[in-house]
Amino acid sequence: MTINGDGEGAAASAESLRLRAEDLFRAGRADEAQVLLIRALAEADKEAGTSRAALLERMGRYLDAASTSWTHDYFEQALAELHEDEPFHSRIKVLCSAGFAYVQQGRPDDGMRLLNEAITLTQGAGDVELETTVYTIAAETLMALGSLDESLDCTRRARRAGMDSGHHPLVIRSYFNEARATYLRTGSVSDAMRIRRAGLKCAAGLGQLDTEEGNTLRLALIEDLIEAANWPEADDLLGPEMNSGHGSLNEVEETLVRCWFSTWRGQRPVTVPPFTELVESSSPLHQAYLLSLALAGAARLKDYRSVEELTGRALGHAEGFLAPPSSGLYIIDALASAIEAQSGRRHTVMHPECAPRRLLDVVERVYQETRRHVSARYELTDGVVSQARALVAAPEEAAPHWDHAILVFRRTHACARLVPALLGRAALCEPGDPHAEMLLVEAERIAEWMQAGPYLERIAQLRGAAERSEPSAAVLTGRQLEVVALLADGQTDREIAERLGLSVRTVNAHVVQILTRLGVRNRAETAAWYYRSGPTRQA
């Protein structure tokens, strides 16, 4: 039977209506849940000892967790409903939830004031379950403000209290928060992956793998694995595709992660998700993050209509308040995908505001704004910004940006991002440059492990272009081919002379002619040409 505002339970209590509404939110039926909560508020007016403030706080939290486009001010209303005789637990939860919401809305001073009031009330209460909740919200608020060390301290306090109280869902959430704060501080995918693996092991031990918190942690680990090019393990964790109605944040996120994963591999999803609709269906709290996933998927599918629509939404976020560091970093990632979608494609016509140069200007501004709010290194985002600069720059100016992106992606173990950076840099090299082959070999090793067909095709194209532009073995004499083979083996002119029964002067003369005929600059490039040239080795 469908539960809605017109169905059974006209005389139900406020608490029973709230519990039914909570089940509906978890099932993705947010509109029906709101109707029940409005009825619960009406019942609360008739019941002694029932807190309207607590109900309003629940409504606000449900809406943040559900996928909904509602605009709401339930936390503001909850604060207004607080009374001096308000139950202790209700008062603290309202203060915490409203404080976090204020920070997300661009009111950090008001938010921290409410949060500090909640922490003060909690201290000395001897209630470890309540302490778990307060320190979890404090950790997430401090993370949003960029106070990462303080956030990590609160996260670990929350975990200790949660283990003592048996508040298992927030214990699992503590691993997610710790990994995210560590990732924002260091930019290292491997650090975040290590923490999330530990959290998933803990969730399995507590029987929490199928909960909302367990699924959130699983999806975050999948993203880490994709970034680290450990796609076999990501495949295992993603599991069979769900037929969901996209009613919850986890379901929307899973849909976008699946698309992101398949398009990075060069595959087309079985069902292409409605990118814009999915992002619009989420609460404002999560839109920046979902935009980064949606834009990456749409760009790789060459769905330029979605790219343009999502880019416009990302630009709108960039103009508003960005709770640093996470929202700003997600917007940078989203706009970088929009730039990549247009790079090298002369016939991709989008709105002038979406032109790569304009998008890069916004990326630079958001990055500087984000960096001013926190002293973390943000290494991974350094690489994303450098890659965006390289894509927009003229070819003669792009090399330093590619080199910096490559350095960052290697250091942060972001292997999947490293491959396109290696290929971008290799494309700038002159024909026969041994540095290009080194880059292609590194990219090929990762792409083969990833089974990333588009990247392997691009590597073959770059190698084919180099082979078509360089001379064949026919330009050298038989003796010169012998000299090249020994030179590529690392032998000196004197050793070559002794091996071939020639004078050192004659060998020197051969080397000069070889460099001239091959059009290379030095012996290293000659050796690289030799190893690429099948006829040379056969000769």
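The text that follows walks through the structure, step by step, so that each part is easy to find. What you are looking at is a predicted structure, and each value in this text was computed from that prediction instead of being measured.

Definitions and cut-offs
- Residues numbered from 1 in each chain as written.
- Predicted model: local features only at pLDDT ≥ 70, side-chain atom pairs only at ≥ 80, totals over all residues.
- Heavy atoms only, no water.
- Phe/Tyr/Trp six-rings, centres within 6.5 Å; stacked < 30°, edge-to-face > 60°.
- Lys NZ or Arg CZ within 6 Å of the ring centre and 35° of its normal.
- Helix = DSSP H or I, 4+ residues; strand = E, 2+ residues; numbered from the N terminus.
- Polar contact = N/O pair within 3.5 Å; in protein donor to acceptor, adjacent residues only side chain to side chain.
- Axes fitted to C-alpha atoms, helices over the stretch in contact; angles between N-to-C directions.
- Parallel < 35°, antiparallel > 145°, perpendicular 65-115°, else oblique.
- Left-handed = near helix turned anticlockwise from the far one by under 90°.
- Contact = heavy atoms within 4.5 Å.
- Nonpolar A, V, L, I, M, F, W, Y, C, P; charged D, E, K, R; others polar.

Okay, the packing of aromatic side chains next. Within the structure shown, the criterion is met by two aromatic pairs. In this structure, Arg107 is placed above the aromatic ring of Tyr102, and the distance from its NZ or CZ to the ring centre is 3.8 Å. Above the plane of the ring of Tyr175 lies Arg159, whose end atom (NZ or CZ) is 3.8 Å from the centre.

Position of Ser16 relative to the elements: it lies in helix H1 (residues 14–26). For Ser16 and Ala40, which are 24 residues apart along the polypeptide, the C-alpha to C-alpha distance reads 8.2 Å. Of the polar contacts made by the side chain of Ser16, one reaches the backbone oxygen of Ser13; its length is 2.9 Å.

With that settled, consider the packing of helix H11 (residues 212–227) against helix H12 (residues 231–238). Across the interface, H11 lies against H12 with an axial gap of 8 Å and an inter-helix angle of 160°. As the angle between them shows, H11 and H12 are arranged roughly antiparallel. Relative to H12, H11 is oriented so that their crossing is left-handed. Note on element contacts: H12 touches H11 through Trp231, Glu233, Ala234, Leu237 and Leu238, opposite Arg218, Leu221, Ile222, Leu225 and Ile226. Of the residues that constitute the contact of H11 with H12, the class distribution is eight nonpolar, no polar and two charged.

Here we take up the environment of Gln342. One can find Gln342 in helix H17 (residues 326–342). Considered as a pair, Gln342 and Lys302 are 40 residues apart in the sequence and their alpha carbons are 9.4 Å apart. In this structure the side chain of Gln342 is engaged in a polar contact, spanning 2.7 Å, whose partner is the backbone oxygen of Cys354.

Glancing now at the packing of H17 against helix H19 (residues 379–392). Running from N to C, H17 and H19 point in directions that differ by 25°, and their axes come no closer than 10 Å. Relative to H19, H17 is oriented roughly parallel. Here H17 and H19 pass one another in a crossing that is left-handed. Of the residues in H19, those in contact with Leu329, Ile332, Asp333, Ala336, Ile339 and Glu340 of H17 are Thr381, Val384, Val385, Gln387, Ala388, Leu391 and Val392.

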